[in-house]
Structures are given as C-alpha cells and as structure tokens.
Amino acid sequence: MKDKMVSQKRKGCLIALEGIDGSGKSTQARMLAERMRQEGIACYATMEPTDSPIGALIRQILTGRVKTDNRVIAPLFVADRLDHLLNEVNGILPKIEEGIHVITDRYYFSSYAYQGVDLPMDWVIRANEPNSAILRPAVTIFLDLTPELALERIARNRFQMELFEEKARLVQVREKYMEAFEALKGVERVAVVDAGRSLGEIADEVWEVVKEYIKMSDSGEEIWQR
C-alpha cells in the first residue's frame, strides 16, 4: 500500500477565469497567482490568446490590423488552445502533470460566448471538443460585470479598443456566457463572482472558491475526468 501511494504523483488543477472584456480577469488572475505563491502553492499563470504565432495572429485580428471572416476566427482559437494545452515547452497539460496548478485568463468558454454571437453555439462547442476532452477546468470562475461598467473600465485603462469591445456586443457576449453555462450545467463546474465590487473583495471570493479545489487536488482526489 505504501509503495502504491508513493508512486501516485499528485496532479495540479486548471482554474479558468472568464468574463466579458473589462471584467478584471487579468487583474484577478495575477492576484490569485500572487496569493497562491504566498501560500507556498506551486502555480503557473497564463492567458488566451497565447503568445504563439497563432495567438499573435488572433490578436492582430481582434485589434483590426488583420481582416478576416468570423468563421475563420473560431478555428484559430481552437488551434491556439490546443497548442496552449499540449506545447512541450510551456503547455498547460505538462504543468498539470507535474503537479503545478494552472491559472488561465480565458479558456474555451470565451469561444462559446464570443464566437457564439456570430456562429451557432453548438458548432463552437463541438469544434472545441478536442480541448475539453484533453482537460476540463477544475472550476471556471466567471467574473460577472455589467457591460456599462466594463466599458467605463476599458475607457480608463486602454488606448485602443478591440474588435469585441462595444456595449451591444458585450451585452450579447454576456448573454452567450449564461447560455453556455446553462447548456453545460452538470458537465462543467462554474462559479459566478460579482465583479462590480472592490478588487480585494473579488479576490477574497475567488480565493475561497479556488482553495477548495486545491485541497481536493493535493489530497490526490481526481477532480475532473479527462
């Protein structure tokens, strides 16, 4: 029994932060990573689109420097996400296998919400099945914020507006997030956090959600079947 326990290597868990643009995902991902390191927990923070060649092309499309059809954008995100998972140098899956907890600023729910505005959501979900089959998040934390407040924050903090950052679009995207959460209820774990409060209040609630899954992972419990 002892030998069996020693041979079982603990795996990390994937924590995905989601929300409309301006909801504070990047800030909360950074604060969560800092909190975990202070607690002595091995973690790795990353984001999508990635800084890979595919991710760089996606960013050029989002900022309007490259023009393409929405039916092209969705598969690009799928490809970037697969590389994000499997890359031998800095991929999510190798980190998880090493016992490192991974925090990602956006994952496949972003595709469901953003590409789901222009394309059938069922199609976007099916297109991302290779990703969900490889690794589901232990929990997806949705930072919920009104589009009005999100745009106020964007205007204060950015010089350039991205393709999807306008009120009507953000309203649709938020609705698509909710639609996706409902469609995948019982398949995905989602925690909705009010992002209209102070940074500290949001960070504390995010930590309360996350630490339970870290405890489960550290105890050797299989959080999510792949």
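Before reading on, note that the structure itself is shown above.
The following refers to the structure shown. (Residues numbered from 1 in each chain as written. Predicted model: local features only at pLDDT ≥ 70, side-chain atom pairs only at ≥ 80, totals over all residues. Heavy atoms only, no water.)

1. Some points on the overall build of the protein chain
Thinking step 1. Secondary structure assignment for the protein chain yields 11 helices and five strands.
Thinking step 2. Counting the 226 residues in the protein chain, one finds 47% classified as buried.
Thinking step 3. In the protein chain, once contacts between residues fewer than 6 apart in sequence are set aside, the share between residues at least 24 apart is 78%.
Thinking step 4. A total accessible area of about 11,400 Å² is found for the protein chain, and carbon and sulfur atoms account for 52% of it. (Helix = DSSP H or I, 4+ residues; strand = E, 2+ residues; numbered from the N terminus. Buried < 20%, exposed > 50% of the residue type's maximum accessible area, 1.4 Å probe, protein only. Contact = heavy atoms within 4.5 Å. Areas by Shrake-Rupley, 256 points an atom, 1.4 Å probe, with all protein chains shown as cover.)

2. Notes on the sheet that holds strand β1 (residues 14-18)
Thinking step 1. Strand order across the open sheet formed by five strands is β2-β3-β1-β4-β5, with parallel pairing between neighbours. Edge strands, defined here as strands with exactly one partner in the open sheet, are β2 (43-47) and β5 (190-194). Strand-to-strand twist in this sheet, taken as the mean axis angle between neighbours without regard to direction, amounts to 20°. (Pairing = 2+ DSSP bridges. Axes fitted to C-alpha atoms, helices over the stretch in contact; angles between N-to-C directions.)

3. Some thoughts on the nonpolar core
Note that soluble globular proteins tend to have their nonpolar side chains buried in a common cluster.
Thinking step 1. Counting 54 residues, the largest nonpolar core has Leu32, Ile141 and Tyr177 as its most contacted members.
Thinking step 2. Here this core takes seven residues from helix α11 (residues 199-218), the largest share from any one element.
Thinking step 3. Beyond its immediate sequence surroundings of up to four residues, Tyr177 is in contact with Glu18, Gly19, Ile20, Arg106, Phe109, Ser110, Ala113, Tyr114 and Phe142.
Thinking step 4. Among the nonpolar cores identified, the runner-up in size contains six residues, and Ile58, Ile61, Leu76 and Phe77 belong to it. (Core = buried A, V, L, I, M, F, W, Y, C linked by side-chain atoms within 4.5 Å.)

4. Brief notes about the pairing of strand β4 (residues 139-144)
Thinking step 1. Buried residues dominate β4, accounting for six of its six residues.
Thinking step 2. As judged from the five bridges shared by β4 and β5, these two strands associate in the parallel manner. Its bridge partner lying in β5, Ile141 is registered against Ala191.

5. Re the packing of helix α3 (residues 53-62) against helix α4 (residues 70-86)
Helix-helix packing is described using two parameters, namely the angle between the two axes and the distance between the axes.
Thinking step 1. Two numbers describe how α3 lies on α4: the axes approach to 9 Å, and their chain directions differ by 150°. For the pair α3 and α4, the crossing hand works out as left-handed. Across the interface between the two elements, Ile54, Gly55, Leu57, Ile58, Ile61 and Leu62 from α3 touch Ile73, Leu76, Phe77, Ala79 and Asp80 from α4.
Thinking step 2. Counted by class, the contact of α3 with α4 contains nine nonpolar, one polar and one charged residues. (Left-handed = near helix turned anticlockwise from the far one by under 90°. Nonpolar A, V, L, I, M, F, W, Y, C, P; charged D, E, K, R; others polar.)

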